[in-house]
Structure formats: C-alpha cells, structure tokens
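The primary structure of each chain is shown beneath.
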Amino acid sequence: MEMTRVFSGIQPTGHLTLGNYLGAMRRWAEVDQHRADSLFCVVDLHALTVDHDPARVRRLSRQTATLLLAAGLDPEVCTVFLQSHVDEHTRLSYLLECVATDGEMRRMIQYKEKAAKERERGGSVRLSLLTYPVLMAADILAYGTDEVPVGEDQAQHVELTRDLAVRFNQRYGHTFTVPRTTLPPVAARVMNLQDPTRKMGKSDDSGAGVVYLLDEPDVVRKKVLRAVTDSGREVVYDRAERPGLANLLDILAACTGGNPESLADVYDSYGSLKKDTAEAVVEVLRPLQARHRELCADPSYVEGVLRDGAEKARALARPTVDTAYRAIGL
Ligand code: ADP
C-alpha cells in the first residue's frame, strides 16, 4: 500500500506564534512526518498578498524554515522547502483559477477579514488576496495530498480545495486526489491572550497577547500571567461563555498532553492555572529555542535543506501538474 501523503504550509508573514506551534507544527514534527510521506512548505508567495517589505519577507522565509527544523522537522524523513522555489505551484494555480468562481472566492472568511482590514487602513486589496485560496489549493493538489494538517482557521480553504479537485476531476477526468483536513485534538484554535475572541495570529500588528516561539521565558511568563479572563472565580471549561479561561486550559492541555475539561477540575484559582500554563509553555519552547540557536549558527545548512527540499518537491509535483495541463486541453 502506498504511504499517506501529507502536505501543509506556513506563511512567512511574521514571527511564528504558539498558535502556529500547537495548531500545526508540533503535530507535523511529532506525528505526521513519521507516519506519512510528508511535505512542509514555507509559502512565501502567499506573503505577497498583503503589503510587504521584500527584505523582510526574504528574512522571515529563512527564519520560518529554521524554526520548522528547530521544532523537529527532520529533512531526512520529510521535505521542507520554499514555495517560490517550485514553479509547479503557480503553473497549477492558473488552471485552478479556470475552475474556481469569483463568488466562491469572495465567500472566504479570511479574504473578507483581511480585505476589510486593508480597506480600513485606506489601502487597496490586491487581486492575489482574492485568489490566495486557489494558490493554496494548487500547493496541496500538486502533490497528490491525502491529508492536510492545519489549525481550524484553515479548514475552509481545505474545503474549497476539495471542491476544486472534485470539479476538475468531473470535468476533465480523474487528475487529483481529493484531500481531507486533519485538526489537532486540542488547541485547534489558540486565541489571543489579551482578546480571547480573536485567534492568536502572527501578522497581528501590535503583538499584544501573542506568545512568539522565540520569546524569552520571562516574557512568556509575563504574557500568560497577564492573560485576560473574566470576573468569575470557579475554573470551568466553557469556550463560548468563558473564552479566556478556556484558552488557557486548551494551551495547558496541549502543552501537557492533558484534557481541558479534566484540567478545569484540578484548579481552584485562576492564578494557579495561569502560573502552571506559563511554566508549561516555557517548557514546551525550551528545546525548540535551544535547537534554533544551534541552527542559526549554521545558515548554510538551512539553505542546503531548502535546496534539496525544492528538488524533491519539484520531482513530485511535475507529473501531476503535467497531467492536469494535458487533461484541461493544453
Ligand atoms: P498565521 O495565521 O499565524 O499567519 P498561517 O496562515 O501561516 O498562520 O498558518 C500556519 C498554520 O498555523 C496553519 O495550519 C494554521 O491553521 C495554524 N494556525 C495559525 N494560527 C493559529 C492559531 N491561533 N491556533 C491554531 N492554529 C493556528
């Protein structure tokens, strides 16, 4: 039997957060790379869909790749690469634009949110922001992907990818594997510590309430201890009514391998819950930060990994994309 193919990506749009780690990267490193034939991509083309500084995107692309390796991705068992190094993504994206509709694109929640933010700033919305989910679909479909391990915020885009794959296959003959989303059991959506109604995002402008993977232990402690909760006293797990508290329980559960509901029974004060959560996060980040320091001392190693990764990825994507070109009439 062929091995399951896993693909997932991460944008170099800011410093990586605890949300990226608990929602996605940790599973890639601990589970996916060992049980599947997997590819992990720094999706640098996606970083151009909003206002960006070229030098910063280049720097963040390397930094993101370095952090993926620091988190435990092993280039001996999985493929780590930059999206822009493999032309097949954009080649396929155009074909998928010819099966996607503009209505479908405008319904995407992330598009609506990011477009509104751009307009609020008085900026204009790039066409690539609208077509972003199509490029993401191409990222996934080019590799015959079976599973896409992502956080909850990306589930809608994977649904769209499935729709496009099915539609293409129906119109032009079987070409693409139809992928499915896999979500983490806990912490599929880590919320901002200062505003637990919003997700913890790396492209957050102020950085308030966001724990970054490279934050020093004391900075992590301060941020977690200052997390916004509510005026209640009893520790209960209720995502709708007590989002701040639920977020802390989710983070603690994800870091310690526990269950948020049972953890709620263990604590009788918000203070002790925050303290333990802060320490659990510090412990989860410690080995990652140590490995990151080692990798930073050897940037040519990371460059080599990305070069080899792109070569492997290209060889996998090309036959599928060539088949799609033939199928659609080119
Ligand atoms: P961001 O939204 O931080 O820019 P990306 O879009 O690059 O992140 O997503 C990289 C991965 O991290 C995706 O699988 C996404 O679902 C996951 N992710 C991002 N933020 C969170 C969060 N707050 N909680 C859980 N998973 C998240």
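Reading the values: the criteria
- Residues numbered from 1 in each chain as written.
- Predicted model: local features only at pLDDT ≥ 70, side-chain atom pairs only at ≥ 80, totals over all residues.
- Helix = DSSP H or I, 4+ residues; strand = E, 2+ residues; numbered from the N terminus.
- Rg over C-alpha atoms; globule rule 2.2 N^0.38 Å.
- Buried ≥ 20, exposed ≤ 12 C-beta atoms within 10 Å, placed from the backbone.
- Pairing = 2+ DSSP bridges.
- Near = placed C-beta within 6 Å.
- Nonpolar A, V, L, I, M, F, W, Y, C, P; charged D, E, K, R; others polar.
- Arc of directions from axis to C-beta.
- Contact = placed C-beta atoms within 7 Å.
- Domains from an automatic or database assignment.

## Side note on the overall build of the chain
Helix and strand content of the chain: 12 helices and 5 strands. The C-alpha atoms of the chain give 20 Å as radius of gyration, which agrees with the globular expectation for 330 residues (20 Å, within 12%). In terms of overall dimensions, the chain has a C-alpha envelope of 65 × 45 × 45 Å along the principal axes. Looking at the 330 residues of the chain, the share that counts as buried comes to 45%.

## Quick look at the pairing of strand β3 (residues 79-82)
Going residue by residue along β3, you find T79 and F81 tucked away on one face and V80 and L82 tucked away on the opposite face as well. Of the strand pairs in this sheet, strand β2 (residues 37-42) and β3 are connected by 4 bridges, and their pairing is parallel. Bridging from a neighbouring strand, V42 pairs with L82 of β3.

## Observations regarding the site of the ligand
Taken together, 21 residues form the shell around the ligand, and within it Q11, G19, G23, V150 and G151 come nearest. Broken down by secondary-structure element, the contributors of at least two residues to the shell around the ligand are β1 (5-10) and α1 (18-35). It is α1 that contributes the most residues to the shell around the ligand, 4 residues altogether. The residue makeup of the shell around the ligand, split by class, is 6 nonpolar, 11 polar and 4 charged.

## Observations regarding helix α3 (residues 88-97)
Considered for burial, the residues of α3 that qualify are E88, H89, L92, S93, L95 and L96. Viewed along the axis of α3, the buried residues span an arc of 160°, placing them on a single side of the element. In this structure, the buried side of α3 is in contact with α6 (127-141), α7 (155-172) and α12 (299-328).

## Quick notes on the domain arrangement of the chain
Per the domain assignment, the segments of the chain are domain 1 (5-183 + 299-328) and domain 2 (217-293). Counting residues at the interface gives 6 residues for domain 1, matched by 6 residues for domain 2. Contributions of two or more residues to the side of domain 1 that touches domain 2 are made by α1 and α2 (54-70). By residue number, the principal contributor to the side of domain 1 that touches domain 2 is α2, which donates 3 residues. Of the residues that constitute the side of domain 1 that touches domain 2, the class distribution is 5 nonpolar, 1 polar and no charged.

## Description of the environment of S84
Take S84: it is sitting in the loop between β3 and α3. The exposure class assigned to S84 is partly exposed, which follows from the 19 C-beta atoms found within 10 Å. On a C-alpha basis, the gap between S84 and H46 in space is 9.6 Å, while along the polypeptide they are 38 residues apart.

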